[in-house]
Amino acid sequence: MYNTRIYGIWAGMMARCYRKTHNRYYRYGGRGITVCPEWHDFRNFYADMGASYADTMSIDRIDVDGNYCPENCRWIPLNRQARNKSTSAYVNSRFGRMTIAELAELTGIKATTINMRRRRGWPEEELDLPICSVRHKTTRARKDGAYHAHGNERLGDRAGLSA
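Residues numbered from 1 in each chain as written. Predicted model: local features only at pLDDT ≥ 70, side-chain atom pairs only at ≥ 80, totals over all residues. Heavy atoms only, no water.

A few points about the overall build of the protein chain
Part 1 of the argument: A tally of helices and strands in the protein chain yields six helices and six strands.
Part 2 of the argument: Start at the N end of the protein chain and walk to the C end: the helices and strands fall as α-α-β-β-α-β-β-α-α-β-β-α.
Part 3 of the argument: Sorting the 163 residues of the protein chain into buried and exposed places 39% on the buried side.
Part 4 of the argument: In the protein chain, the share of contacts with a sequence separation of at least 24, taken over all contacts with a separation of at least 6, comes to 39%.
Part 5 of the argument: Summed over all atoms, the accessible surface of the protein chain reaches about 10000 Å², with 50% contributed by carbon and sulfur. (Helix = DSSP H or I, 4+ residues; strand = E, 2+ residues; numbered from the N terminus. Buried < 20%, exposed > 50% of the residue type's maximum accessible area, 1.4 Å probe, protein only. Contact = heavy atoms within 4.5 Å. Areas by Shrake-Rupley, 256 points an atom, 1.4 Å probe, with all protein chains shown as cover.)

Structure representation (structure tokens):
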């Protein structure tokens with residue numbers, strides 16, 4: 001199975017945890033993340049994880065500070081794994097705490113739009129409001145922190161979606 005994707009995932013896991021020259025070692029082995037002794041042999045890793053593996057999946061540690069072991073690992077879709085990073089930005093939306101990518105997928109508003117609103121200081125509960133007729137260039141923050149467009153009403157009030 002040397003030339004298979006699952007073997008490559010296993011080899012990458014081992015390298016991140018044990019090879020000090022690996023470019024991601026500082027995030028894994030350098031932080032004390034290890035691989036359980038049984039999984040040092042690929043055959044044991046495959047026996048534990050192979051049945052639920054698919055080429056569209058990526059290995060995920062449930063506890064990001066925990067080790068690679070059967071109790072802490074699962075396969076998740078690649079797009080979900082891409083969001084599960086220490087660099088992912090989280091917001092507290094009206095739907096709960098989630099990444100900006102998840103909020104964009106849920107609301108249909110582009111992640112770049114949500115990020116732009118966040119950088120401009122919009123309140124988190126308003127990041128996912130529809131734009132309606134308000135144009136980006138006319139929306140600005142007042143000194144008191146209220147957001148308005150073409151008048152003194154808050155953007156949420158204008159869109160009819162106040163929290």
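Considering the confidence of the model for the protein chain
Part 1 of the argument: A residue-level look at the protein chain finds 74% of positions with pLDDT of 70 or above and a mean pLDDT of 80.
Part 2 of the argument: Low pLDDT, under 50, characterises residues 133–139; the stretch is placed with 16 contacts to residues that sit more than four places away or in other chains. (pLDDT = per-residue confidence, 0-100.)

Comments concerning the packing of aromatic side chains
Centre distance and the angle of the planes are the two values used to describe a pair of aromatic rings.
Part 1 of the argument: Enumeration according to the criterion identifies ten aromatic pairs in this entry.
Part 2 of the argument: Seen in terms of ring centroids, Phe-42 and Phe-45 are 6.2 Å apart; in terms of plane orientation they differ by 40°. Their pairing is tilted. Residue Phe-42 and its partner Phe-45 are both found in helix H2 (residues 42–49); the two are separated by three residues, about one turn of the helix.
Part 3 of the argument: Among the residues examined, Phe-45 registers a relative accessible area of 0% and is labelled buried. (Phe/Tyr/Trp six-rings, centres within 6.5 Å; stacked < 30°, edge-to-face > 60°.)

Some words on the environment of Glu-38
Part 1 of the argument: Looking at the secondary structure, you find Glu-38 in the loop between helix H1 (5–18) and H2.
Part 2 of the argument: Relative accessible area serves as the criterion here: at 47%, Glu-38 is assigned to the partly exposed category.
Part 3 of the argument: Spatially, the C-alpha atoms of Glu-38 and Pro-70 are 9.7 Å apart, while their sequence positions differ by 32 residues.

Quick word on the pattern of salt bridges
Part 1 of the argument: In the structure shown here, the tally under the stated rule is three salt bridges.
Part 2 of the argument: Between Asp-65 and Arg-31 there is a salt bridge, with the nearest N and O atoms lying 2.8 Å from each other. One end of the pair, Asp-65, is in the loop between strand E1 (57–61) and strand E2 (73–77); the other, Arg-31, is in the loop between H1 and H2, and 34 residues separate them in sequence.
Part 3 of the argument: Judged by its relative accessible area of 52%, Asp-65 falls in the exposed class.
Part 4 of the argument: Taking the shortest distance from any N to any O, the salt bridge between Arg-43 and Asp-41 comes out at 2.9 Å.
Part 5 of the argument: A relative accessible area of 63% places Arg-43 in the exposed class. (Salt bridge = Lys/Arg side-chain N within 4 Å of Asp/Glu carboxyl O.)

Details of helix H4 (residues 100–107)
Part 1 of the argument: Within the span of H4, buried status applies to Ile-100, Leu-103 and Ala-104. Viewed along the axis of H4, the buried residues span an arc of 100°, placing them on a single side of the element.
Part 2 of the argument: Among the structural elements, strand E3 (90–93), strand E4 (96–99) and helix H5 (111–119) are those in contact with the buried residues of H4.
Part 3 of the argument: Within two residues after H4, Gly-108 carries a phi angle of roughly 85°, on the positive side. (Arc of directions from axis to C-beta.)

What about the environment of His-22?
Part 1 of the argument: Examined against the element boundaries, His-22 turns out to sit in the loop between H1 and H2.
Part 2 of the argument: For His-22, a relative accessible area of 18% puts it in the buried group.
Part 3 of the argument: Residues His-22 and Gly-12 lie ten residues apart in sequence; the distance between their C-alpha atoms is 9.3 Å.
Part 4 of the argument: Not counting residues within four places of it along the chain, the set of residues in contact with His-22 comprises Ala-15 and Arg-16.
Part 5 of the argument: There is a polar contact of 3.3 Å between the side chain of His-22 and the side chain of Asn-23.
Part 6 of the argument: In terms of polar contacts, His-22 uses its side chain to reach the backbone amide nitrogen of Arg-24, at 3.0 Å. (Polar contact = N/O pair within 3.5 Å; in protein donor to acceptor, adjacent residues only side chain to side chain.)

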